[in-house]
Amino acid sequence: MNRNTVSTNGYLLKVEDLKTYFLIKKGLLRRTAGFIKAVDGVSFDIKKGQTLGLVGESGCGKTTVARSIVRLVPATAGEVIFDRINVLSADKNELSELRKQISLIFQDPFSSLNPRMTIGNIIAEPLKVQRAVTGSELTERVAVLLSRVGLSADHINRYPHEFSGGQRQRIGVARALVTEPKLVICDEPVSALDVSIQSQILNLLKDLQEEFGLTFLFIAHDLTVVEFFCDVTAVMYMGKIVERATSEELYRNPIHPYTRALMSAIPRVAGGRHTAKGSFGGEVPSILNPPSGCPFHPRCPLAEGDCLKLMPELKEKSDSTGHFVACWKC
Amino acid sequence: MDDNNILLSLEDVSTYFFTEEGVAKAVQGVSFSIKKGRMFALVGESGCGKSVTALSIMRLVPAPQGKIVSGEIFLGKRDLLQLSVKRMRAIRGNKIAMIFQEPMTSLNPVYTVGNQIVEAIRLHQRKSASQAWADAIEMLRKAGISDPEQRVREYPHQMSGGMRQRVMIAMAISCRPTLLIADEPTTALDVTIQAQILDLLGELQEQSEMSILLITHDLGVVTERADDVAVMYASRIVEVADSRKIFAEPLHPYTQGLLKSLPQLGYSAKRLLTIPGTVPEPLHFPTGCKFHPRCPIGCSDKRCQTIEPPMRAVQPERRVACWYAPGYETNEEYKEYESKYGKHKRVSTEG
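Residues numbered from 1 in each chain as written. Chains lettered and ligands numbered in written order. Predicted model: local features only at pLDDT ≥ 70, side-chain atom pairs only at ≥ 80, totals over all residues.

1. A closer look at the overall build of chain A
The secondary structure content of chain A amounts to 9 helices and 12 strands. In summary, chain A has a C-alpha radius of gyration of 21 Å against a globular reference of 20 Å for 330 residues, a match within 12%. On the principal axes, the C-alpha backbone points of chain A span a range of 70 × 55 × 50 Å. Looking at chain A as a whole, 45% of its 330 residues are labelled buried. (Helix = DSSP H or I, 4+ residues; strand = E, 2+ residues; numbered from the N terminus. Rg over C-alpha atoms; globule rule 2.2 N^0.38 Å. Buried ≥ 20, exposed ≤ 12 C-beta atoms within 10 Å, placed from the backbone.)

2. Concerning helix H4 (residues 129-142) of chain B
Residue and element names in this part refer to chain B. Over its 14 residues, H4 runs 20 Å from end to end, which matches the ideal 20 Å to within 8%, given 1.5 Å per residue. By the burial criterion, the buried members of H4 are Ala 132, Asp 135, Ala 136, Met 139 and Leu 140. Projected down its long axis, H4 carries its buried residues within an arc of 135°, all on one side. Downstream of H4 by one or two residues, Gly 144 has phi in the positive range, about 80°. (Expected span 1.5 Å × (residues − 1). Arc of directions from axis to C-beta.)

3. A short note on the interface of chain B and chain A
With 35 residues of chain B in contact, the opposing surface of chain A contributes 34 residues. Broken down by secondary-structure element, the contributors of at least two residues to the side of chain B that touches chain A are helix H7 (191-208), helix H8 (219-225) and helix H10 (253-260) of chain B. The element contributing the most residues to the side of chain B that touches chain A is H8 of chain B, with 6 residues. Here the residues of the side of chain B that touches chain A sort into 14 nonpolar, 15 polar and 6 charged. (Contact = placed C-beta atoms within 7 Å. Nonpolar A, V, L, I, M, F, W, Y, C, P; charged D, E, K, R; others polar.)

4. Description of the pairing of strand E1 (residues 6-19) of chain B
All names here are of chain B. Looking at chain direction, E1 and strand E2 (residues 22-35) are connected through 10 bridges and run antiparallel. Across the sheet, Ser 9 pairs through a bridge with Ser 33, a residue of E2. Between E1 and E2, which pair antiparallel and follow one another directly, the connecting turn spans 2 residues. Of the pairings in the sheet, the one linking E1 to strand E4 (residues 66-75) comprises 8 bridges and is antiparallel in character. Paired with Glu 11 across the strands is Glu 72, a residue of E4. (Pairing = 2+ DSSP bridges.)

5. A few points about the sheet that holds strand E9 (residues 232-237) of chain A
All names here are of chain A. With mixed pairing, the 8 strands of this open sheet are ordered in space as E6-E7-E8-E3-E9-E10-E12-E11. At either margin of the open sheet sits one strand with a lone partner, and together these are strand E6 (102-105) and strand E11 (315-316). Sheet topology places strand E7 (residues 183-187) next to strand E8 (residues 215-220); 5 bridges connect them, and they run parallel. Note that in E8 the partner of Val 184 across the bridge is Phe 216.

6. A few points about the packing of helix H5 (residues 165-177) of chain A against helix H6 (residues 195-212) of chain A
All names here are of chain A. At their nearest, the axes of H5 and H6 sit 10 Å apart, and the two run at 20° to each other. Here H6 runs roughly parallel to H5, going by the angle between their axes. Where H5 crosses over H6, the two elements pack in a sense that is right-handed. Contacts from Gly 165, Gly 166, Gln 169, Arg 170, Val 173 and Leu 177 of H5 reach H6 at Ile 197, Gln 200, Ile 201, Leu 204, Leu 205 and Leu 208. In the contact of H5 with H6, the residues fall into 7 nonpolar, 4 polar and 1 charged. (Axes fitted to C-alpha atoms, helices over the stretch in contact; angles between N-to-C directions. Parallel < 35°, antiparallel > 145°, perpendicular 65-115°, else oblique. Left-handed = near helix turned anticlockwise from the far one by under 90°.)

7. Focus: unusual backbone geometry
Residues and elements named next belong to chain B. Omega for the bond connecting Ala 63 with Pro 64 falls within 30 degrees of zero, at 5°, which places this linkage in the cis form. A positive phi angle, near 55°, is found at Asp 12, a position not held by glycine. Looking at the secondary structure, you find Asp 12 in strand E1.

8. So, helix H4 (residues 135-148) of chain A
For the α-helix, the turn length of 3.6 residues means that residues three or four positions removed from each other point alike. Residue and element names in this part refer to chain A. An ideal rise of 1.5 Å per residue puts 20 Å on 14 residues; H4 measures up with 20 Å between its terminal C-alpha atoms. Check the buried side of H4 and you find it contacts helix H3 (119-130) and H5. Immediately beyond the C-terminal end of H4, within one or two residues, lies Gly 150, with a positive phi of roughly 90°.

9. A short note on the nonpolar core
The biggest cluster of nonpolar side chains holds 199 residues, and the ones touching the most others in it are Phe 82, Leu 217 and Phe 218 of chain A together with Leu 213 of chain B. Other than its neighbours up to four places away in sequence, Leu 213 of chain B contacts Ile 34, Phe 40, Leu 42, Ala 54, Leu 179 and Ile 181 of chain B. (Core = buried A, V, L, I, M, F, W, Y, C linked by C-beta atoms within 7 Å.)

10. Observations regarding the environment of Thr 330 of chain B
Residues and elements named next belong to chain B. Tracing the backbone through its elements, the reader meets Thr 330 in the loop between strand E12 (318-320) and helix H12 (332-341). Assessed through the 10 C-beta atoms surrounding it within 10 Å, Thr 330 is described here as exposed. A sequence separation of 18 residues divides Thr 330 from Arg 312, and the C-alpha atoms of the two residues are 9.5 Å apart.

11. Focus: the confidence of the model for chain B
On average, residues of chain B score 90 in pLDDT, and 96% of them reach the 70 mark or higher. On the interface metric, ipTM, the complex scores 0.80, and its pTM is 0.87. (pLDDT = per-residue confidence, 0-100.)

See below:
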C-alpha cells in the first residue's frame, strides 16, 4: 500500500467535515461573487455491510454529498476515507480502483440508461471501461446478474425502451453490481417508481445486500422508505446534518425540531384522519442567502437567543449513545 | 342515485385513444359520484387512467386520438358530454377548475401571476380591470401568500414550487368553482410543503363548500384527507368506499396488496410484502379481471382469467369489482355464472 492510506476502525466509508461549495460567477469578467454552500461540514461513517440513509427535502445537499464522495464534483474541504484510501487526494490509479468499488444507482430509470445501447452492453460497460473481464466470461457474468435481479437472461440483446420503469431500475441495479463493488450509493432509487413496484425494488436491494455483503449509502426524501431500509439515518437541512442516530432510535425519539416536523408532515395510512399537526409554516430559505445562526431558526417554533446568532454543532446526546443532534434547544 | 347531495356523477364513462398500434382503452366503464362539499380521491398507479378520467370530466382529452366513446357526466342536471364547445368553455375554469402536478409548466413564464389570475377572472365574470386586480390580490391572500400586493406583480420564476402551487390554487378558486379537480397537486413538492398545500385545500373547501376531486397515487394523503375513495387499476375502478372503511378493511386484492406493500413509519419489517409483476399497458391488457395475473387468488382461477367482474354493491356505500369479495355472491352476474357453469369451486383465499 502507498502513502495515501489511513486506518479506519471497521468503517468502510468515513466522511469527515466534508464541504462542497459552488462558486457564483457574475458580470463580464466572471468574477466570483459568492459561494453556494451546498454541503457545509458533513461528517458520518458507515460500517461494513450497513446502510446509512440520508434524508432531507430537495436542495438540502444530499445528492451533492454523494457526488462529492465519488469525486463527480470537487469537494472544497474535508476528508473522505473509503476502505483506507483517502478519496479526495487519490491519484488516477487509485481513483480507477475506487470507481470499481463504489457504484451508483440513480433516481430516474428512464434517463440513466442509454437508449441506443442494448441491456447487455449497458450492464457490461463498467467492466469494459475497467478492462477487468472480457469475452465470454463477461457475457456470462452479465447473464447471471440479469437473472439475479429478476430479469431473464434472454433480455440481453433488448433495448431500454422495451422495459417498464421497475424493470429498468433492475437493469440499473445490475449495472451497479457488475464490478462487484463494496459500496453502492443509491440516489433516490425508488422515488420515480409506482408504489407496487417500489416494494419489489427495496426487497431486491435488501436481498442483494445480504447475498453480497454490500454497504449502502441510501439517499431519499421519503422517511418511511428510509426507516424500512436503513440501519442509521441522518437528516440534512441546508447542507448540514441536523440529526443522526440509528433508525430505530431516530424514529422512536426524534429530537431536532426539523426532524419532528418532517415526521409529522408524512401522510400515514395507519394514522386516520388528518388533524392539525401544529403549525409548521414557511419554506426552505434560499441557499444563496442563508439565515444567520441555525439555518432552521426562521421556521423553528423553539428558536430564540443563540439560535439566531450561532451555528449549533452536531453533538452526541449525553443520555443516549450514538444519537447526535445539532440544536441549541434540545 | 338521484340525490340532491350529488354534485358530479359519472355514469359508465369510457375514453379510448386511437393510436397507430391499436386502440388504447385508457378509461373503461367508470362510474362514481362526488357529493357536495366532500373530498373525493381517485387513487391508482401511473397509467391506470386517473388523469384521463379527470381530463374527460373537463372534456380536455387530447384530440383527435383521444375520444370519450360512451357514458354520461352529470354536473347537477346537465350532461357535460352533450354541451356545445362554447357552453363547455363557460363551465371550464368557472364551475369546474383544475390544478396540475407541475406548477412551473402550468404557469406562463412571461406574464406576472397577477396578469394570469386577472385573465381567468375577466374571462368568466363581468368585472373591470381594477376590480379584477383587487380580486386577484384577495385570492392570493386566501391561498396563503403573504404580502400579496407585492407578489401579484411577480413572475412565476421568482417563486418557489410551493408558492407557484398556491398561485395555481388562487387562480382556480378565483371564479368560486363548485368542483376543483386537483391532479397530483403535491407530488412535485417536498413533504412539509405538501402538508401546507393540503391544509390549504382543506380550509378552502370548508369555507366555500366546494367539492374536490383529488387525484393521487399517495395512499397516505388519501387516508388523511379524503372523505371518499375510488381505487383505479388498469382503466377501471375496482373499489369505491368511504376512506376510513377502505383502509380499515380493503375488499379488492389490489387495494389489499397496495396497502401491504407500503413501508410504514414506526413499524419495521424485514421485508415488504409485494404485488408481483407490473402494471399492464393499455394496449396489452390481460383478459378477464385485469388484475388476475398479479392476484394471489385470481392467477389460478378460471373465472377471474376469463370474465371481468363488474362493479357491484357489496355493502351499503361500498362497491367492488372482484369475484371473491365478500358479499359479491349476491349480485346477478354471479348467480348467472353459477347457473351456467354450476357452482364455482373457490380457490383457497389464503393470500
